[in-house]
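Descriptive structure summary
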Amino acid sequence: FSTDLVPGDVMVIPLNGTVMPCDAVLINGTCIVNESMLTGESVPVTKTNLPNPSVDIKGMGDEFYSPEIHKRHTLFCGTTVIQTRFYTGELVKAVVVRTGFSTSKGQLVRSILYPKPTDFKLYRDAYLFLLCLVAVAGIGFIYTIINSILNKVEIGVIIIESLDIITITVPPALPAAMTAGIVYAQRRLKKIGIFCISPQRINICGQLNLVCFDKTGTLTEDGLDLWGIQRVENTRFLLPEENVCNEVLVKSQFVACMATCHSLTKIEGVLSGDPLDLKMFEAIGWILEEATEEETALHNRIMPTVVRPPKQLLPESTHAGNQEMELFELPVSEECLLIGIVRQFPFSSALQRMSVVARVLGDKKMDAYMKGAPEIIASLCKPETVPTDFEKVLEDYTKQGFRVIALAHRKLESKLTWHKVQNISRDVIENNMDFMGLIIMQNKLKQETPGVLEDLHKANIRTVMVTGDNMLTAVSVARDCGMILPQDKVIIAEALPPKDGKVAKINWHYADTLTQCSNSSAIDSEAIPIKLVHNSLENLQVTRYHFAMNGKSFSVILEHFQDLAPKLMLHGTVFARMAPDQKTQLIEALQNVDYFVGMCGDGANDCGALKRAHGGISLSELEASVASPFTSKTPSISCVPNLIREGRAALMTSFCVCDLALFSIVTYLDHFLISTFISDMYKLISQNCKFYYLI
């Protein structure tokens, strides 16, 4: 239990996994963790033990542990450890670093439990209106008492008439009538599968003029599909190929790279890992086999994961022999393909690439395979191996909305042994490569996404994408779904924090030319702020510019460019690589520029933003529904227009109920005018009667 833990405790991670009760850093062994509770991505992540600077890395003895920098070695509270791996009988151990509300999950829970209060002008004005009615009723109350005393009316009558004035002015049916519209709207929402835990938010949804959408699982289907590959031979692109699983390509280095360069693992016999890697591996039809727990316990950590093609893709001569033969006892022959993954350099979002060192069974030299962002891979390859039309081909694919990944390969020197490879840095491996070609992936939109966004645009409701995914993919999906029109331009704001005495600055690039890595894509850093400050809103709407930025840039802009932040909020459309707390900060920033903000998401990483928004709607019935005022039974954004429609109907009902108050005011005035008129006439008649009597 977390109550029994303090920072500094050493805990043993169970073999069959556990839900982490605290933040801890792994010091021994390897864990496969599901971090969907924090990130929203249900992709298992492999966590490795924290390297010992005094032993593993030279010159890094002064480095301090940081949960942000050393995420690959940190087990976060609330995440599920699916499987552990240990070597030579050692236990998997971790040191507790944070507990309670100091953990990543604790901060998320705190933002849900204690959100900043959402201020809604309708309710604020309604309270002021009621106060005005009470003030008017007070004046009438005092006037009635004084007038009745002067006319020597009985005390019982005075009390009844005075209280009657209050009930006339402040109608008792007003709150019930205002609630009626909300109740009926809630019933209609329930019929279409939208459940509400905060009915007062229904009225607020009637005024939404901006909706933020998560991308994966909300606008798009989960995961990517392989569209095809385009190989390179003799520095020229071949024609695109759709079918990768065939006998012609089975022995090619291109397929070998697809088979080895990934972070997949087997959990209870099922392949798990990044969806992109999974689709890529499934497309070639190869088989991945890992060492068992018994084998791992007997060997050290260089026990390799092995991949091999299915038997039907190999020549018939390799099918003969004992079918029950163990993995490491397969015969070595010229036609037998068995590749061991010796060393893996995991994907880094900063480097935008990953690489592996592999060895074909029976081959003396090892191979290095690399995949990643095309422009990065091309820069690490020999220039003579990169096709001359590389930039044009890449731009054609990205403009069509495809996710493009480049592959590269090179043979390593024979002097590199298994033990040397384990201690070599990735910079030594990742250079002087041969460019092999491109993998083209497609992130399919949900069928209803374009239509719903078009309806929102027609209603003058702005749409914004907030995602934890990569920037170029997010921009591409935004174009595909109609959030950004084809003729519109996207400017990427890359904010750099202060470093080495240099002040923070922002670099601006056009997204369409970013993939070409050319200096022509850069925009004068002074031009954008001046344009934003001096040009009117109407002029900017004519030019149709959209700003895009990642989470790091967003944080730097909020901290160091506070005067520029509101202007970027007015035209920011794509926010990529956003952490859960940054999504909440974005909602607040948009509310600060007078937007009524809706948020639509499906993951636990959206909880803070769903709670903070004026109208948050969850497409998941799991963690996100706890924080969200609205939960849709159908995981589709078609619920958003329905919610806004019902919100507007309820809001209109609330406005119409004000007629009750108008009726009360008229009755109030009538009461005073009639009573005053009768009183004055009585006095006049009485005086005249006395006068006539005297005469």
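Residues numbered from 1 in each chain as written. Predicted model: local features only at pLDDT ≥ 70, side-chain atom pairs only at ≥ 80, totals over all residues. Heavy atoms only, no water.

Here the focus is the overall build of the protein. A tally of helices and strands in the protein yields 25 helices and 30 strands. Burial analysis of the protein (695 residues in total) assigns 46% to the buried set. Long-range contacts, defined as pairs at least 24 residues apart, comprise 69% of the intrachain contacts of the protein with a sequence gap of at least 6. Total accessible area on the protein stands at roughly 35,500 Å², and carbon and sulfur atoms take up 58% of it. (Helix = DSSP H or I, 4+ residues; strand = E, 2+ residues; numbered from the N terminus. Buried < 20%, exposed > 50% of the residue type's maximum accessible area, 1.4 Å probe, protein only. Contact = heavy atoms within 4.5 Å. Areas by Shrake-Rupley, 256 points an atom, 1.4 Å probe, with all protein chains shown as cover.)

As recorded in UniProt, the sites labelled "transmembrane region" (unreviewed entry) are residues 126-146. As a span, residues 126-146 carries 100% helix and 0% strand, and end to end its C-alpha atoms are 30 Å apart. (UniProt positions renumbered as here; feature names shortened; annotations may be inferred.)

With that settled, consider the side chain of Thr 467. Residue placement: Thr 467 occurs in the loop between β22 (462-466) and α15 (471-480). If we skip the residues at most four places from it in the chain, Thr 467 touches Asp 214, Lys 215, Ala 474, Phe 575, Ala 576, Arg 577 and Met 578.

The antiparallel open sheet is built from 9 strands, whose spatial order is β12-β11-β21-β20-β19-β18-β17-β16-β15. Strands at the two margins of the open sheet, each flanked by one partner only, are β12 (236-237) and β15 (287-289). Bridging between strand β18 (residues 353-360) and strand β19 (residues 367-372) involves 6 bridges; their strand directions are antiparallel. Across the sheet, residue Ala 358 finds its bridge partner in β19, namely Asp 367. (Pairing = 2+ DSSP bridges.)

To continue, consider the pattern of salt bridges. Evaluation of the coordinates by the stated rule reveals 15 salt bridges. With a shortest N-O distance of 2.7 Å, Arg 188 and Glu 646 are connected by a salt bridge. One end of the pair, Arg 188, is in helix α5 (residues 173-191); the other, Glu 646, is in helix α24 (residues 639-656), with 458 residues separating them in the sequence. The exposure class of Arg 188 is partly exposed, given its relative accessible area of 37%. By relative accessible area, Glu 646 is classed as buried at 14%. Of the charged contacts in the structure, one is a salt bridge between Glu 430 and Arg 353, with a shortest N-O distance of 2.6 Å. With Glu 430 in the loop between α13 (426-429) and β21 (434-442) and Arg 353 in strand β18, this pair connects stretches of sequence that are 77 residues apart. Accessibility assignment for this pair places Glu 430 and Arg 353 in one class, buried. (Salt bridge = Lys/Arg side-chain N within 4 Å of Asp/Glu carboxyl O.)

Moving on, we come to the packing of α5 against α24. Axis separation between α5 and α24 bottoms out at 8 Å; the angle between their running directions is 160 degrees. In terms of axis orientation, α5 runs roughly antiparallel to α24. Judged by the sense of rotation from one axis to the other, the crossing of α5 with α24 is right-handed. Counted together, Met 178, Gly 181, Ile 182, Ala 185, Arg 188 and Leu 189 of α5 and Asn 642, Leu 643, Glu 646, Ala 649, Ala 650, Thr 653 and Ser 654 of α24 form the full contact between these two elements. Classifying every residue of the contact of α5 with α24 by side-chain character gives 7 nonpolar, 4 polar and 2 charged. (Axes fitted to C-alpha atoms, helices over the stretch in contact; angles between N-to-C directions. Parallel < 35°, antiparallel > 145°, perpendicular 65-115°, else oblique. Left-handed = near helix turned anticlockwise from the far one by under 90°. Nonpolar A, V, L, I, M, F, W, Y, C, P; charged D, E, K, R; others polar.)

A few words now on the packing of aromatic side chains. Across all of its chains, the model carries 4 aromatic pairs by this definition. Look at Phe 390 and Phe 435: their rings are 5.5 Å apart centre to centre, the planes differ by 80 degrees, and that puts the pair in the edge-to-face class. Residue Phe 390 is found in helix α11 (residues 390-399), and its partner Phe 435 is found in strand β21; the two are separated by 45 residues along the sequence. Of the two residues examined, Phe 390 and Phe 435, each falls in the buried class. Seen in terms of ring centroids, Phe 554 and Phe 575 are 6.0 Å apart; in terms of plane orientation they differ by 85 degrees. Their pairing is edge-to-face. Here Phe 575 lies in strand β27 (residues 572-576) and Phe 554 lies in helix α19 (residues 551-560), a separation of 21 residues in the sequence. Considered together, Phe 554 and Phe 575 belong to a single accessibility category, that of buried residues. Above the face of the Tyr 184 ring, Arg 187 is positioned so that its terminal group lies 5.5 Å from the ring centre. We note Lys 489 situated over the ring of Tyr 510; from NZ or CZ to the ring centre the distance is 5.1 Å. (Phe/Tyr/Trp six-rings, centres within 6.5 Å; stacked < 30°, edge-to-face > 60°. Lys NZ or Arg CZ within 6 Å of the ring centre and 35° of its normal.)

Time to look at the sheet that holds strand β8 (residues 93-98). Strand order in the open sheet formed by 4 strands is β1-β8-β3-β6, and the pairing between neighbours is antiparallel. Both outer strands of the open sheet, β1 (10-12) and β6 (74-75), are each paired with one neighbouring strand and no more.

Right, let's talk about the state of the cysteines for a bit. Applying the stated criterion across every chain, the model contains 0 disulfides. Between Cys 77, a cysteine without a disulfide, and Cys 22, which holds the nearest cysteine sulfur, the sulfur-to-sulfur distance is 6.8 Å. (Disulfide = S-S within 2.5 Å.)

A positive phi angle, close to 50 degrees, is found at Asp 500, a residue other than glycine. Along the chain, the position of Asp 500 falls in the loop between β23 (489-496) and β24 (505-510). The class of Asp 500 is exposed, set by a relative accessible area of 72%.

When the terminal C-alpha atoms of α5 are compared, their 27 Å separation across 19 residues agrees well with the 27 Å that a helix rising 1.5 Å per residue should span. Here α5 has its buried residues at Leu 174, Ala 177, Gly 181, Ile 182, Ala 185 and Leu 189. Trailing α5 by a residue or two, Gly 193 shows a phi angle of about 85 degrees, which is positive. (Expected span 1.5 Å × (residues − 1).)

Turning our attention to the confidence of the model for the protein. When pLDDT is averaged along the protein, the result is 78, and 79% of the positions lie at 70 or above. Here residues 317-335 is a poorly scored stretch, pLDDT under 50, and it has 27 contacts once near neighbours within four places are set aside; other chains count. (pLDDT = per-residue confidence, 0-100.)

Together, Ile 155, Ile 159, Leu 163 and Ile 166 make up an exposed nonpolar region whose accessible area comes to about 380 Å². We classify Ile 155 as exposed; its relative accessible area is 64%. (Patch = residues over 30% accessible without salt bridge, like charges linked within 9 Å, V, L, I, M, F, W, Y side chains within 5 Å.)

Turning our eyes to something else, we now look at the pairing of strand β3 (residues 23-28). Burial of β3 is extensive: 5 of the 6 residues sit out of reach of the surface. Both β3 and β8 contribute to a ladder of 5 bridges, which runs antiparallel. Residue pairing for β8: Asn 28 is matched across the bridge by Lys 93. Inspection of the sheet shows β3 paired to β6 by 2 bridges, in the antiparallel sense. Bridge pairing in β6 places Ala 24 opposite Leu 75.

Another aspect to go through is the environment of Lys 215. You can see Lys 215 is positioned in the loop between β10 (210-213) and β11 (225-233). Taking relative accessible area as the criterion, Lys 215 reaches 1% and is therefore assigned buried. Lys 215 sits 263 residues away from Ala 478 along the chain, and the two C-alpha atoms are 9.1 Å apart. In this structure Lys 215 touches Thr 220, Asn 443, Met 465, Val 466, Thr 467, Asp 469, Thr 473, Ala 474 and Val 477, once residues within four positions along its chain are discounted.

A separate point is the pairing of β10. Every other side chain in a regular strand lies on the same face of the sheet, so the side chains alternate between the two faces. Burial along β10 is two-sided: Leu 210 and Cys 212 and Val 211 and Phe 213, pointing in opposite directions, are all buried. With 4 bridges connecting them, β10 and β22 associate as parallel partners. Among the inter-strand pairings, Cys 212 is bridged to a residue of β22, identified as Val 464.

This part takes up the packing of helix α7 (residues 253-260) against helix α8 (residues 275-284). Between α7 and α8, the shortest axis-to-axis distance is 8 Å and the interhelical angle comes to 135 degrees. The angle between α7 and α8 places the two elements in the oblique class. The handedness of the crossing between α7 and α8 is left-handed. Judged by residue contacts, Val 255, Met 258 and Ala 259 of α7 engage Met 280, Phe 281 and Ile 284 from α8. Its residues placed into classes, the contact of α7 with α8 shows 6 nonpolar, no polar and no charged.

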